[in-house]
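# Observations on the model geometry
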Amino acid sequence: QVQLVESGGGLVQAGGSLRLSCAASGSIFRINVMGWYRQAPGKQRELVATIRSGGSTNYADSVKGRFTISSDNAKNTIDLQMNSLKPEDTAVYYCYAGGQLYYWGQGTQVTVSS
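Residues numbered from 1 in each chain as written. Predicted model: local features only at pLDDT ≥ 70, side-chain atom pairs only at ≥ 80, totals over all residues. Heavy atoms only, no water.

### Things to note about the state of the cysteines
Selection criterion: To count as a disulfide, a pair of cysteine sulfur atoms needs to be within 2.5 Å. Secondary structure elements follow DSSP: runs of H or I no shorter than four residues count as helices, runs of E no shorter than two count as strands, and numbering proceeds from the N terminus. Here the term buried applies to any residue with accessible area under 20% of the maximum for its type, exposed to any over 50%, and partly exposed to those in between, with areas from a 1.4 Å probe on protein chains only.
Tallied over the full model, the rule gives one disulfide. For Cys22, the disulfide goes to Cys95, at an S-S distance of 2.1 Å. Here Cys22 and Cys95 share a disulfide; its torsion about the S-S bond, -85 degrees, makes the bridge left-handed. Of the two residues, Cys22 sits in strand β3 (residues 18-26) while Cys95 sits in strand β9 (residues 91-99), which places them 73 residues apart along the sequence. Both residues of the pair, Cys22 and Cys95, belong to the buried class.

See below:
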């Protein structure tokens, strides 16, 4: 079993920044990819960014140039630095870890006011 705990969500004004963190514990050696998804009320959950164990990253077009995903393998954490936030970024952000099995964190609320 893998446990994922997110932190860093909150309320920020448009144009501001937040940094989300996800700490992983458990059977981490089975994980190949980690990332962030988000879900706004009434909408589908969408991929925001992923990072693989080798370090390669992918981003949704809507966040390219504004968000940066990073990992610290020694500490078993990933971060999402979010800059130039927009009201449309408002959502619950979920940490994801995947390998042969898949795991989700509990989610952290990000609210961007206009």
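### Regarding the pairing of strand β1 (residues 2-7)
Heads up, the condition is: Think of it this way: DSSP has to see at least two bridges between two strands before they count as a pair.
Of the two faces of β1, the one holding Val2, Leu4 and Glu6 is buried and the one holding Gln3, Val5 and Ser7 is not buried anywhere. In terms of strand pairing, β1 meets β3 through six bridges, oriented antiparallel. Across the sheet, Leu4 pairs through a bridge with Ala24, a residue of β3.

### Quick notes on the sheet that holds strand β7 (residues 67-72)
Paired through backbone hydrogen bonds, the strands of a sheet run either parallel or antiparallel to each other. Selection criterion: Axis lines are fitted through C-alpha atoms, for helices just across the contact stretch, and the angle between N-to-C directions can take any value from 0 to 180 degrees.
Read from one edge of the open sheet, four strands run β1-β3-β8-β7, paired in antiparallel fashion. Each edge of the open sheet is held by one strand with a lone partner, namely β1 and β7. This sheet shows a mean twist of 15 degrees between the axes of neighbouring strands, independent of strand direction. Where β3 and strand β8 (residues 77-82) come together, six bridges link them in antiparallel fashion. For Arg19, the partnering residue across the bridge sits in β8 and is Gln81.

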